[in-house]
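What follows is each chain in one-letter form.
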Amino acid sequence: MKFFVKPFAEITIKSRPVRRQFILQLGRNIRNVLKDLDPEIRTSGEWDNIDVVSSLTDPALQQQLVERMRHLPGIAHFYQVLDFDLPDSMQDIADRCAEHYAPLLKDKEFAVRCKRVGKHEFTSMDVEREVGSLLRQQCGAAGIRLNRPDVEVRLEIRHRRLLVEFNRQEGLGGYPLGSIEQALVLMSGGFDSTVAAYQLMRRGLLTHFCFFNLGGRAHELGVMEVAQFLWQKFGRSHRTLFISVPFEEVLGDILQNVDNSQMGVILKRQMLRAAEKVADNLHLDVLATGEAISQVSSQTLINLSVIDKATDKLVLRPLVAAHKQDIINTAEAIGTAEFAKHMPEYCGVISVNPTTKAKLGRIVHEEESLDRQLLERAVARARFVTVDKLLEELSEDVQVEMVSEALPGQVVIDIRHPDETEDAPLALDGIEQISLPFYAVNSKFGELDSNRQYLLYCDKGVMSRLHAHHLLHEGHTNVRVYRP
């Protein structure tokens, strides 16, 4: 199985050295993302296109390969191709095209699209005209229509090779991950921060995730899950970090010693100060947030200006001029909206009359009453975990009861992502089952019948152990883990 990958258009206008660097990076990323599916995956090409050759024959694994490439930053689109030596006649070219397209052309209007690279005795228009005529005669097509045809027969003649292209897939676009600098993204797990992280990843920035825990274990777990989701879907070509900073003491200090109206701005400034220290430890120069102009009181232009003065780092705000509904729509498209909808609430700063026009002098005066050692202690106690090992490491010390068999009367809760349950349904004869995705478990479990016994199920047992542990900690004694 062979694919023909077209890189993002902006890459092609770079200088020759930069363009080559970006294409080579994209090739490495493709191999990194696909090598666990196919250890023999091969890529070639370092200028205009990348050829990807896979030995996979299992249709399910082939589909996984396609899905991973669709979400890989740097790819504009890609085709599956049939690769032949260039035949000597137009009839032979038509025969090669018919190997794939013949069943698709019957009773349909079609057009032939040909791209040609190299020197030949014919033009691209010659190929389109003559091959189109031959295919119409031998495939039972209804006719040829150049404008909006029912089927497009795509082929490329590249020197002495004939590539018959089909199964076009749109890519993510953007730059290859790792081709631009790295950034530390401040993550709350809501709509804004997850979309901001996605936008940076799509632009080629290697993103690390920094979460400020304001006192909620459920919130921390939720943010860990969405960070891993983003990494698995868009960033698995590189290893990145998740940093959890315990911020309860810093928040308590603000609540006790700062005037109510100034709390929101000062909390954001303290987060930037802590993020700056984390970034320094990782030798990163860039911070990023999901803030948008005037979405909340702390995000007026005046307040953002005051907040930025807490750090010398560059602070990126990919969503600064985005409308909330546009952000939500993007979250729906990339798959993080459900996480945001079910993200547990946390006790933050609640101002009665928050300032929208903070004055730097007033803010600095209020901050003089804060204990600076609390910020230093929070950063020192921060936990650094690679995102690919995040949930596995968390689950190592989690002790919950596991059962290998579900009994009549018990209810198995499939907490996998809806896409996984659709692709591989759990079949249990005589056992009641319900689907409750992991991102909804914390908020929805309390609505279930407390007199029933529930068994949480996921493929690897990691998510189910973590959520069972959290539910037990919350006082739900009727939950175990199902590991058949």
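None of the values given here were measured: they were computed from a predicted structure. (Residues numbered from 1 in each chain as written. Predicted model: local features only at pLDDT ≥ 70, side-chain atom pairs only at ≥ 80, totals over all residues. Heavy atoms only, no water.)

Caption draft 1: Local environment of the overall build of the protein chain. Along the backbone of the protein chain there are 17 helices and 19 strands. Dimensions of the protein chain, computed from the C-alpha atoms along their principal axes, are close to 85 × 65 × 35 Å. The proportion of buried residues among the 484 residues of the protein chain is 53%. Split by element, the accessible area of the protein chain, about 22900 Å² in all, is 48% carbon and sulfur. Where the 58 positive side-chain charges of the protein chain centre and where its 67 negative ones centre are 6 Å apart. (Helix = DSSP H or I, 4+ residues; strand = E, 2+ residues; numbered from the N terminus. Buried < 20%, exposed > 50% of the residue type's maximum accessible area, 1.4 Å probe, protein only. Areas by Shrake-Rupley, 256 points an atom, 1.4 Å probe, with all protein chains shown as cover. Lys, Arg positive; Asp, Glu negative; His and termini not counted. Charge placed at Lys NZ, Arg CZ, Asp CG, Glu CD.)

Caption draft 2: Fine view of a nonpolar patch on the surface. On the surface, a cluster of nonpolar side chains totalling about 250 Å² of accessible area is made up of Ile 293, Leu 301 and Val 320. By the secondary structure assignment, Val 320 is in the loop between β13 (314-316) and α10 (324-334). Accessibility expressed as a relative area gives 31% for Val 320, which makes it partly exposed. (Patch = residues over 30% accessible without salt bridge, like charges linked within 9 Å, V, L, I, M, F, W, Y side chains within 5 Å. Salt bridge = Lys/Arg side-chain N within 4 Å of Asp/Glu carboxyl O.)

Caption draft 3: Here's a closer look at the domain arrangement of the protein chain. What the domain assignment lists for the protein chain is domain 1 (2-170), domain 2 (184-394) and domain 3 (398-482). Computed over C-alpha atoms, the centres of domain 2 and domain 3 are 31 Å apart. Of the residues lining the interface, 13 residues belong to domain 2; the matching set on domain 3 comes to 13 residues. Counting each side, the surface lost to burial between domain 2 and domain 3 is near 1200 Å², with a carbon and sulfur contribution of 69%. Broken down residue by residue, the surface that domain 2 buries against domain 3 is led by Leu 221, Glu 225 and His 342, which jointly contribute 40%. (Domains from an automatic or database assignment. Contact = heavy atoms within 4.5 Å. Buried area = accessible area lost by both parts, 1.4 Å probe.)

Caption draft 4: Local environment of the UniProt feature "domain: THUMP" (unreviewed entry) in the protein chain. Taken from the UniProt record, the annotation "domain: THUMP" (unreviewed entry) applies to residues 63-168. Between the end C-alpha atoms of residues 63-168 the distance is 13 Å, and the span holds 38% helix and 36% strand. (UniProt positions renumbered as here; feature names shortened; annotations may be inferred.)

Caption draft 5: Focus on the nonpolar core. Among the nonpolar cores identified, the biggest contains 61 residues, and Met 187, Phe 209, Leu 230, Phe 242 and Ile 415 are the most heavily contacted of them. Considering every element that reaches this core, the biggest residue donor is helix α6 (residues 217-235), with 9 residues. Of the domains in this structure, domain 2 (184-394) and domain 3 (398-482) are the two that each give at least three residues to this core. Membership of the second largest hydrophobic core comes to 36 residues, among which are Cys 210, Leu 214, Phe 247 and Ile 266. (Core = buried A, V, L, I, M, F, W, Y, C linked by side-chain atoms within 4.5 Å.)

Caption draft 6: Layout of the confidence of the model for the protein chain. Of the residues in the protein chain, 96% reach a pLDDT of 70 or more, and the chain-wide mean stands at 89. At the low end of the mean pLDDT range in the protein chain sits helix α14 (residues 390-395), at 70; at the high end sits strand β12 (residues 286-288), at 97. (pLDDT = per-residue confidence, 0-100.)

Caption draft 7: Structural detail: the UniProt feature "active site" (unreviewed entry) in the protein chain. Under the present numbering, the feature "active site" (unreviewed entry) in UniProt falls on Cys 458. The residue Cys 458 is located in the loop between β18 (454-457) and α17 (462-473) in this model. The exposure class of Cys 458 is buried, given its relative accessible area of 6%. Apart from residues no more than four positions distant in its own chain, Cys 458 is found in contact with Ile 415, Arg 416, Met 463, Ser 464 and Arg 483.

Caption draft 8: Just α10, in detail. For α10, the set of buried residues is Ile 327, Ile 328, Ala 331 and Ile 334. Buried residues of α10, viewed axially, fall in a sector of 135 degrees; they line one side. (Arc of directions from axis to C-beta.)

Caption draft 9: Spatial organisation of the pairing of strand β16 (residues 411-414). Alternating positions in β16 separate into two faces, Val 411 and Ile 413 on one and Val 412 and Asp 414 on the other, with burial throughout. Summarising the sheet, β16 and strand β17 (residues 432-435) pair through 4 bridges and their orientation is parallel. Note that in β17 the partner of Val 411 across the bridge is Glu 432. As defined by bridge partners, β16 adjoins β18 across 4 bridges and the pair is classed as parallel. (Pairing = 2+ DSSP bridges.)

Caption draft 10: Representation of the state of the cysteines. If you walk through the whole model with that rule in mind, you get 0 disulfides. Left unpaired, Cys 139 is separated from the closest cysteine sulfur, that of Cys 97, by 9.3 Å. (Disulfide = S-S within 2.5 Å.)

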